[in-house]
Amino acid sequence: MKNVIFGKEKLDYQWDEKAVIDLCGMLSLRQLGELVRNADLLVNSCSMPIHLSAATGTPCVVLYGYTDPCRWAPRMHCKIVKSDLPCSPCDGYHGSKCTDPLCMKRLSVEEVYKSCQEILSNDF
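Residues numbered from 1 in each chain as written. Predicted model: local features only at pLDDT ≥ 70, side-chain atom pairs only at ≥ 80, totals over all residues. Heavy atoms only, no water.

Generally, phi is negative for residues other than glycine and the peptide bonds are trans, each holding for most cases. The step from Ser88 to Pro89 runs through a cis peptide bond, and the omega angle for that step is 0°. Tracing the backbone through its elements, the reader meets Pro89 in the loop between strand E5 (78-82) and helix H4 (102-105). Positive phi is not limited to glycine here, since His77 has a value of about 55°. Looking at the secondary structure, you find His77 in the loop between helix H3 (69-72) and E5. (Helix = DSSP H or I, 4+ residues; strand = E, 2+ residues; numbered from the N terminus.)

Below, the structure written as structure tokens:
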């Protein structure tokens, strides 16, 4: 299984070239749609690609913090990972004065990995 990183711009990070295909800054919207459609799983925060995954039937693990999964999460093929903090959801950078999103920082790799395993092993 290959991991693919994508986004608007290149990230200042050295990926393991054997484990990760870095497509940051290289995809059109149509190409992103095809990438998501052909993926086994999408892991992302609440943003447009999760809605592409819902539209194409690709399962996704979505990281929620400052947005409300009850309002924004896809209704099918979606596993939500979130931290239950009293200040979350706050609508994050789009209206609150939150400068330190603990809700996202407290999400653990283990939680995300477990959710991925559940989906990929069809225990979801």
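Now, onward.
This brings us to the state of the cysteines. Under the criterion given, the structure shown has zero disulfides. Free of any disulfide, Cys46 has its nearest neighbouring cysteine sulfur in Cys78, separated by 9.2 Å. Given a relative accessible area of 23%, Cys46 falls into the partly exposed group. Counting only cysteine sulfurs, Cys60 is the nearest neighbor of Cys116, a cysteine outside any disulfide, at a range of 10 Å. In this structure Cys116 comes out as buried when scored by relative accessible area, which is 13%. (Disulfide = S-S within 2.5 Å. Buried < 20%, exposed > 50% of the residue type's maximum accessible area, 1.4 Å probe, protein only.)

A few words on the confidence of the model for the protein chain. Per-residue confidence for the protein chain gives a mean pLDDT of 87, with 94% of residues at or over 70. When the elements of the protein chain are averaged for pLDDT, H3 gives the smallest value, 85, and helix H1 (residues 29-37) the largest, 95. (pLDDT = per-residue confidence, 0-100.)

Angle between the axes and distance between the axes: these two values describe a pair of packed helices. At a closest axis distance of 9 Å, the pairing of H1 and helix H2 (residues 48-56) adopts a crossing angle of 55°. Taken together, H1 and H2 sit at an angle that is classed as oblique. Every pair of crossing elements has a handedness; the one defined by H1 and H2 is right-handed. Every residue of H2 that contacts H1 at Leu29, Leu32, Gly33, Val36 and Arg37 is listed here: Met48, Pro49, Leu52, Ser53 and Thr56. Here the contact of H1 with H2 is built from residues that sort into six nonpolar, three polar and one charged. (Axes fitted to C-alpha atoms, helices over the stretch in contact; angles between N-to-C directions. Parallel < 35°, antiparallel > 145°, perpendicular 65-115°, else oblique. Left-handed = near helix turned anticlockwise from the far one by under 90°. Contact = heavy atoms within 4.5 Å. Nonpolar A, V, L, I, M, F, W, Y, C, P; charged D, E, K, R; others polar.)

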